[in-house]
Amino acid sequence: MPFIANTQEQQKQMLAEMGLTMEGLFSDIPKKLLCGKLNIGEGLPEQEVRGVLAELAGKNSIDLTLFLGGGFYDHFIPAAVYSIISRSEFYTAYTPYQPEVSQGTLQAIYEYQSMICRLTGMEVANASLYDGGTAMYEAMMMALRATGRNKVIIDDSVNPIYRVMIESYTKNLKIELVQTHCATGLVDREQILAKLDDGTAAVILQNPNFFGCVDDFSDIAQAAHNKGALLVVSCYPISLGILKTPGSMGADIVTGEGQSLGMPMSFGGPYLGFMATRMEYVRKMPGRIIGRTVDRQGRPCFVMTLQAREQHIRREKATSNICSNEALCALTALVYLSLLGKEGLKETAQLCADKASFAYSRLTAIPGVKPHFKAKWFFNEFVLDLPKEAADVIAKLIEKGFAAGFPLSRYYPDMKNCILVCVTEKRTKQQIGMFAEALESVL
Amino acid sequence: MKLIFEKSVLGRRGVQPTRSDVGTTINIKREFLRDRPAELAEFSELDVVRHFTQLSRCNFGVDTNFYPLGSCTMKYNPKVAERIASYPGFTHLHPLLPQLRGGGMLTQGALAVLYEMDLLLREITGMAGFTMQPMAGAHGELTGIMIMAAYHRDKGNKKTTVLIPDSAHGTNPASAAIAGYKVVSVPSTDKGVMDVSALKRVLNDEVAGLMLTCPNTLGLFDPHIKEICDLIHSVDGLAYYDGANLNAIVGKARPGDFGFDIVHINLHKTFATPHGGGGPGAGPVGVTKKLVDYLPVSIVVKRGDGTYALEYDRPKSIGYIAPFYGNFAVILRAYVYILMLGSQGLVRVAENSVLNANYIRVKLRDYFESAVDVICKHECVFSPSKKMLEAGIHAIDVAKALIDRGFHPPTVYFPGTVKEAMMIEPTETESKETLDAFIEAMKDIAALSEREPEKIKAAPVTTPVCRPDETAAAKNLDLAYL
């Protein structure tokens, strides 16, 4: 039997030594609760299972040229990333409960926390959450705890996938969710100010927002703080290679999807939710946190700390129910950022912005194709108005080998002809040119 | 070891981003840009590789040696699953493709994996339908309790509490509380299983449901499991099965047959996907027929023509709990594992995990204090013997002494219902030789504890650090190098 070490002979020997039988070992389960043979087929040897899965992998179209983003991106991943995270000392370990045999994981997560702080301009980060959406939900819950209030304002330029997740999570809770509408591509200050009051726990925004537009929320942070509310900002970590940090804008909690930092798209996961905040809120933060300390002999080392916030100690009074997080993905992000380094990340972000800007000029030169928003500053995604329904155009372009972008009508019903186009550093000038030609040909 | 930031050398370059072929045409106004680049470390590629190789050598994984961390099911993670999860046909698949018109046809292979996995898990657990979305066990718990809440809301039931045994994992009460319920704890008997008469005392119409781990955290299968589920149903409550310990009964018995309504499975435990140093995991949730409509959006369906599609139109659904289809690459690995084991293989998994746990229980019971010395399932729980405690040796000392003998310690100080608990889960992938060596090490520790307890107190001496000061860590917070 695969992966089972004891031979039949050894099993017999062990049972004999205990004076038990295999049947006896299961005698505590009432007989009528035992099931018969499962109808799941016979086991397959490695060679066959690889054949089966290779065939399934072959049924996925991976040769499309991607201009599809929407919060999940096709970035270049250096070979060394995979090589390092494939070390089984990392991936076959578990939560570092025993620090003496887990200094590798612990130090790496401490470095990851530091890296996230440096990237976002914040003071403290946790060891990771599941993904950008659950991170935003956890940030919202954290803001409710920190302020003792129950109203949350969220702009509709925040990733709609995250907004529907937050709606699901809060259905059974007494939370007032207020949505503001983004009409120009930038957050409407007047609407936010009108909704902000003494009962507001948090304002949740995103930069660059779902439409790709770049903003500076310093004024909103100020306004929120004046009312005693927190500003939560979700961000795209690659963009922070060049963009102003949420920390410098005055954000109180920063979250985001870390997939762009060296993780493949893998049809939706595993990804990486990151979260950072200011020291004053550290005890309200959910998730594991690694701290530096010293051992018996005064040697510097790392441990899980502030565990009194967590479910295994506090049970129903914990800040969150999270236990397993995305540690290996956090390691991936750290390795990716280390390989790129300070200049490399900046250059990558710059390349994304440059190429997107080039594509924008090229695509808006097509007759009938216009920018949708008044706001003209974007990072690597932008919204175009097409002369036809976007979903149709995208379907036609799939046949020509392009995933042209995201049809916004899926979440914004009045944006029928709008397409969200994404350009990463992986796209070439030639691909952009071919894409423009293909788009023109189907309009 | 020095931090990566301390090794950084100004101006050194690692991986070079691609060359620009478009010129600097960036379209962002200056005020929106950061003043100076993020202070990341600056390295050559070799520096990075060496730094992390050195860090990895300070870690202990399943591949290193025996890792009997109770309740975590640290079994061998097959390499073939790693290989398959790295096929470009899976890694290079954008999750939004199915949301494009006709896009579902671009991802048929991935949808097939999700659909087939759903069918396999239904058969293994006796449930009627699954969501693959939860990204860890605790996330599955929250999803399950949200389904419970949706069911009661839909039926107009006024329910306020969730019952949880005192021996449960901390995630259970935390998940119930986060979903908006009050938690009521149910005590265990001195035999280590749920006290049914105590359950009857706290059972009333306010009870939304019960969360139960079975086998429980003492490794015991509750003989009254069916009666317990029936009792919960008598007040229109739902019985929730925490699948953390499914490994002990997989292929032999099914929670659906016990009377459970909602089940979560930790794929990273029972189905052998790597624990990653603390994740990513996956915690699919299965439900009985009456709850299928409440499962999250979307689910994969198979159409008449044999193609797969995502179903979004689910009016009673609790909604979206993950951005897409869960931790796909983790689900894929677990799928590979189940295909390789097949029905017979899974039975052998349960049998050998239980055989190995009982072997340790019997071999160590004369040297350590058994929490309950009866047939256990996948794990057994001990405390240090009276003599050891008198010599000042605690569970933590045994744990540290095991490290010096080349083993990862068991889970210690859990479950909280046992003083000085040491929870040992060997799993089926370990051989008799490994177990014998571990048993010898434990006996050696027991003997040395009485003879030279200071040697045990000094452990571990073979690791780069020894007993970090956790109090200082929480007091003098140093959480980032800035």
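This structure is a prediction, so every number in the text was calculated from the model and none was measured.

What counts and what doesn't
Numbering of residues starts from 1 in every chain and runs along the sequence as written. Starting at A for chains and at 1 for ligands, labels are handed out in the order in which the entities are written. Totals for whole chains, interfaces and linings use every residue, but because this is a predicted model, local features are given only for residues with pLDDT of at least 70 and side-chain atom pairs only at 80 or more, for both listing and counting. Numbering of helices and strands runs from the N terminus; a helix is a DSSP stretch of H or I covering at least four residues, while a strand is a stretch of E covering at least two. Any residue surrounded by 20 or more other C-beta atoms within 10 Å of its C-beta is treated as buried, while 12 or fewer makes it exposed and the intermediate range makes it partly exposed; C-beta atoms here are placed from the backbone. Remark: residues whose backbone-derived C-beta atoms lie within 7 Å of one another are considered to be in contact. Radius of gyration means the value over C-alpha atoms here, while the globule rule gives 2.2 Å times the residue count to the 0.38 power. Three residue categories are used. Nonpolar comprises Ala, Val, Leu, Ile, Met, Phe, Trp, Tyr, Cys and Pro, charged comprises Asp, Glu, Lys and Arg, and polar comprises the others, including Gly. Where a domain begins and ends is set by an automatic assignment or by a domain database. Joining buried Ala, Val, Leu, Ile, Met, Phe, Trp, Tyr and Cys residues through C-beta atoms within 7 Å gives a set, and that set is a nonpolar core. Geometry is summarised by axes, namely lines fitted to C-alpha atoms with helices restricted to the contacting stretch, and by angles between N-to-C directions that run from 0 to 180 degrees. Note: crossing handedness is left-handed where the near helix turns anticlockwise from the far helix by less than a right angle, and right-handed where it turns clockwise.

1. Quick word on the overall build of chain A
Item 1. Looking only at helices and strands, chain A has 15 helices and 15 strands in total.
Item 2. Along the first, second and third principal axes, the C-alpha atoms of chain A reach 85 × 55 × 50 Å.
Item 3. Counting only residues that meet the buried cut, chain A has 62% of its 443 residues in that class.
Item 4. Taking contacts inside chain A between residues at least 6 apart in sequence as the whole, the part at least 24 apart equals 73%.

2. Things to note about the overall build of chain B
Item 1. Counting its secondary structure elements, chain B contains 17 helices and 13 strands.
Item 2. Computed over the C-alpha atoms, the radius of gyration of chain B is 25 Å, within 12% of the 23 Å expected from 2.2 N^0.38 for a compact globule of 482 residues.
Item 3. Relative to its 482 residues, chain B shows a buried fraction of 61%.
Item 4. Within chain B, counting contacts between residues at least 6 apart in sequence, those at least 24 apart form 71% of the total.

3. Some details on the interface of chain A and chain B
Item 1. Taken residue by residue, the interface counts 172 residues in chain A and 174 residues in chain B.
Item 2. Broken down by element, the residue count for the side of chain A that touches chain B peaks at 25 residues, all from helix α13 (residues 327–364) of chain A.
Item 3. By residue class, the composition of the side of chain A that touches chain B is 91 nonpolar, 46 polar and 35 charged.

4. As for the domain arrangement of chain A
Residues and elements named next belong to chain A.
Item 1. According to the domain assignment, chain A consists of domain 1 (65–75 + 342–442) and domain 2 (79–335).
Item 2. A separation of 28 Å is found between the C-alpha centroids of domain 1 and domain 2.
Item 3. At the interface, 24 residues of domain 1 touch 21 residues of domain 2.
Item 4. For the side of domain 1 that touches domain 2, the secondary-structure elements that each account for two or more residues are α13 and β12 (381–385).

5. Examining the nonpolar core
Side chains of a nonpolar character, in soluble globular proteins, are inclined to be buried together.
Item 1. Among the nonpolar cores identified, the biggest contains 332 residues, and A:M140, A:V203, A:I419 and B:I331 are the most heavily contacted of them.
Item 2. Sorting elements by how many residues they give to this core places helix α12 (residues 328–364) of chain B first, with 23 residues.
Item 3. Ignoring anything within four residues of it in the chain, the contact list for A:I419 reads A:L384, A:L386, A:A390, A:V393, A:I394, A:A404, A:G405, A:F406, A:P407 and A:L408.

6. Brief notes about the environment of B:D261
Residue and element names in this part refer to chain B.
Item 1. Positionally, D261 belongs in the loop between α10 (255–258) and β6 (262–265).
Item 2. Residue D261 is classed as buried on the basis of its 28 C-beta neighbours within 10 Å.
Item 3. Along the backbone, D261 and G286 are 25 residues apart, and their C-alpha atoms lie at a distance of 8.2 Å.
Item 4. In contact with D261, not counting residues within four places along its chain, are L238, A239, V287, T288 and L291.

7. Overview of the packing of helix α1 (residues 8–18) of chain A against α12(B)
Each pair of packed helices can be summarised by the angle the axes make with each other and by the distance between the axes.
Item 1. Running from N to C, α1(A) and α12(B) point in directions that differ by 40°, and their axes come no closer than 10 Å. Two packed elements cross with a definite hand, and for α1(A) against α12(B) that hand is left-handed. Only B:L355, B:N358, B:Y359 and B:V362 of α12(B) make contact with α1(A), whose side of the interface consists of A:Q11, A:M14 and A:M18.

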